[in-house]
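Given next are the chains, with one letter for each unit.
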Amino acid sequence: MAKAQSVSKEAKAAKKQARKAASKERRQQLWQAFQMQRKEDKRLIPYMVGVIVLSIAVFTALGFLLGSPWLLIPLGVVLGVLGAFILFGRRVQKNVYTKAEGQPGAAGWALGNMRGQWRVTQAVSGTSHLDAVHRVIGKPGVILVGEGSPTRVKSLLNQEKKKAARVVGDTPIYEIMVGNDDGQIPLSKLERHLNKLPSNIDRKRMETLEGRLAALSSKAPGPGMPKGPLPGNAKMKSMQRTARRRG
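- The name given to the protein in an unreviewed UniProt entry is DUF4191 domain-containing protein, with the source organism recorded as Gordonia westfalica.

1. Focus on a nonpolar patch on the surface
Phase 1: On the surface, Leu75, Val78, Leu79, Leu82 and Ile86 cluster together into a nonpolar patch covering about 390 Å² of accessible area.
Phase 2: Within the secondary structure, Leu82 sits in helix H3 (residues 73-100).
Phase 3: For Leu82, a relative accessible area of 41% corresponds to the partly exposed category.

2. Some points on the nonpolar core
Taken as a class, soluble globular proteins show a tendency for nonpolar side chains to be buried jointly.
Phase 1: Formed by 28 residues in total, the largest nonpolar core has its most connected members in Phe88, Val136, Ile143, Val145, Leu187, Leu190 and Leu194.
Phase 2: Broken down by secondary-structure element, the contributors of at least two residues to this core are helix H1 (2-40), helix H2 (44-65), H3, helix H4 (106-112), strand S3 (141-147) and helix H6 (190-196).
Phase 3: Ranked by residues supplied to this core, first place goes to H3 with six residues.
Phase 4: Two domains each provide a minimum of three residues to this core, namely domain 1 (15-100) and domain 2 (106-218).
Phase 5: Those residues in contact with Val136, other than ones at most four positions away along the chain, are Leu111, Met114, Trp118, Arg119, Val120, Gly141, Val142, Ile143, Val145 and Leu194.

Procedures and definitions
- Residues numbered from 1 in each chain as written.
- Predicted model: local features only at pLDDT ≥ 70, side-chain atom pairs only at ≥ 80, totals over all residues.
- Heavy atoms only, no water.
- Patch = residues over 30% accessible without salt bridge, like charges linked within 9 Å, V, L, I, M, F, W, Y side chains within 5 Å.
- Areas by Shrake-Rupley, 256 points an atom, 1.4 Å probe, with all protein chains shown as cover.
- Salt bridge = Lys/Arg side-chain N within 4 Å of Asp/Glu carboxyl O.
- Helix = DSSP H or I, 4+ residues; strand = E, 2+ residues; numbered from the N terminus.
- Buried < 20%, exposed > 50% of the residue type's maximum accessible area, 1.4 Å probe, protein only.
- Core = buried A, V, L, I, M, F, W, Y, C linked by side-chain atoms within 4.5 Å.
- Domains from an automatic or database assignment.
- Contact = heavy atoms within 4.5 Å.

Dropping the structure here:
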């Protein structure tokens, strides 16, 4: 009995130690992300300070109106700090997308970092010029996302749509081209665009489609197709994830 209690205490201590280590790592990542963003974004600190000051001023004024000027100041500080973190996260995210935009594999990287119940298969088809089509399964249905030369990608999208149509039945198939020209979706707005699509299928149907479409992915992706933007953005990806956790 005593031995079991000892093992239980050791397990609890180990879990507590692991939580502390994870918390310390997150703080270090956040600090590194802040330092990197601060060097590139000269407006970051003034904006963050401005959000905190504005929040304190608003709640102080509200406190005066209620006859208790000091009562709401702590709330103003807390909400101001929270708002500053949210601002920080958004500016990091904007910086990440700005650096990734136009690089081969950027759309696949953005899709792979989406939050929610999305089933993403990167580069289901591609070319030696690093054009690619990525396949996403979600509540809207099947979404084919192309990046690269519009002329070459259009042909790839048509091919993938025909393949998918053979196995998805009446499930909607959407085609999206990532870019900044007319009719295209900018990289920074890709996730938002997908989230605005109507919900047409449930999770069970998503799982069924994922199994059926997996059989279509037996061919390797296009030659030399990268799995994300150029390696120089690896740190920025970590920054984005860290900021999202805190935001």
